[in-house]
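Structural features, examined
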Amino acid sequence: MIKEQIKVLIVEDNVNDAQLIEYNINKIVENPTIISVNTYNDFLDSLESFDPDIVISDYKMNGFNGMDVLRYTKIHSKVSNFIFITGTIYDEELAAETILSGATGYILKKHMRILHTKLLPYIEKALENRRVSKLPPGHEEMFDSMKAFIKSAERDNKAHIESYNQIKNALEKIKSLNNNA
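A brief structural summary. Since this is a predicted model, take the numbers as computed values, not measurements. (Residues numbered from 1 in each chain as written. Predicted model: local features only at pLDDT ≥ 70, side-chain atom pairs only at ≥ 80, totals over all residues. Heavy atoms only, no water.)

Counted residue by residue, strand 1 (residues 7–11) has four buried out of five residues, so it is predominantly covered. Two strands pair when backbone bridges link them, and strand 1 and strand 2 (residues 33–37) are joined in this way by five bridges, in the parallel orientation. Bridging from a neighbouring strand, isoleucine 10 pairs with serine 36 of strand 2. Handedness of the crossover joining strand 1 and strand 2 through helix 1 (residues 15–28): right-handed. Pairing between strand 1 and strand 3 (residues 54–57): four bridges, direction parallel. By the bridge assignment, valine 11 is partnered in strand 3 with serine 57. (Buried < 20%, exposed > 50% of the residue type's maximum accessible area, 1.4 Å probe, protein only. Helix = DSSP H or I, 4+ residues; strand = E, 2+ residues; numbered from the N terminus. Pairing = 2+ DSSP bridges. Right-handed = clockwise from strand over helix to strand, strands pointing away.)

And the structure:
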């Protein structure tokens, strides 16, 4: 069970489905903070005031759809984890469009019985993204710079080791020639 705090925003117009999603999140996260909304205006308010780590949305809802929610989320928030849990996406092209539009993934509602197992990797990814995004401004570039430096040092180190081994082999050959002479 995940003990780290996570904030989840559920956008779902079916109260029973929203409760099932919450129930499944509670199976894998000890104390999640969950807000569930069923209108687009409530979604807009919650996205701004709640600042979730992950957004879970149905695709087809009364008066709006999940693509509206996804597009707004991608433009107006730093949320990088967006999951569709829907009964609508049976069309492979539509599923591909959601991923190409920025959704992290989608889960069919027919899998509600095992939803917690399907959600677990997405929640773990959201927590990891939050840890990385907590770096102070400018530190991400510094972190990337340090990773590049380490890779460069590893390459240089390999080259030095190869040179050392070549010199060592040459010295051993010279030594064996001297011993044979």
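In this section: the pairing of strand 6 (residues 82–86). Burial runs high along strand 6: five of the five residues are buried. Of the two faces of strand 6, the one holding Phe82, Phe84 and Thr86 and the one holding Ile83 and Ile85 are both buried throughout.

One open sheet accounts for five strands, arranged 2-1-3-6-7; its pairing is parallel. Since the sheet does not close on itself, it has two edges, and those belong to strand 2 and strand 7 (105–108), each with one partner. This sheet shows a mean twist of 20° between the axes of neighbouring strands, independent of strand direction. In this sheet, strand 7 lies alongside strand 6 in parallel orientation, the contact comprising four bridges. Across the sheet, phenylalanine 84 pairs through a bridge with tyrosine 106, a residue of strand 7. Along the sheet, helix 3 (residues 66–76) contacts strand 1, strand 3 and strand 6; its crossing angle with strand 6, the most-contacted strand, is approximately 175°. (Axes fitted to C-alpha atoms, helices over the stretch in contact; angles between N-to-C directions. Contact = heavy atoms within 4.5 Å.)

Of all hydrophobic cores here, the largest spans 20 residues; its most connected members are Ile6, Ile21, Ile25, Ile56, Ile85, Leu119 and Ile123. At the level of secondary structure, the elements contributing two or more residues to this core comprise strand 1, helix 1, strand 3, strand 6 and helix 5 (115–133). Here this core gets five residues from one element, more than from any other, and that element is helix 5. Apart from the residues lying within four places of it in its own chain, the contact partners of isoleucine 56 are Val8, Leu9, Ile10, Val11, Ile21, Ile25, Ile83, Ile85 and Leu119. (Core = buried A, V, L, I, M, F, W, Y, C linked by side-chain atoms within 4.5 Å.)

Here we take up unusual backbone geometry. If you check the backbone angles, aspartate 51 has positive phi at about 50° while not being a glycine. Judged by relative accessible area, aspartate 51 falls into the partly exposed class, the value being 33%.

It is worth spelling out helix 3 at this point. The set of residues buried in helix 3 consists of Gly66, Met67, Val69, Leu70 and Thr73. For helix 3, the angular spread of the buried residues around the axis is 160°, confining them to a single face. By the N-cap criterion, in which a side-chain oxygen at the helix start approaches the backbone nitrogen of a residue two or three places on, helix 3 is capped by asparagine 65, the distance to methionine 67 being 2.8 Å. (Arc of directions from axis to C-beta. Polar contact = N/O pair within 3.5 Å; in protein donor to acceptor, adjacent residues only side chain to side chain.)

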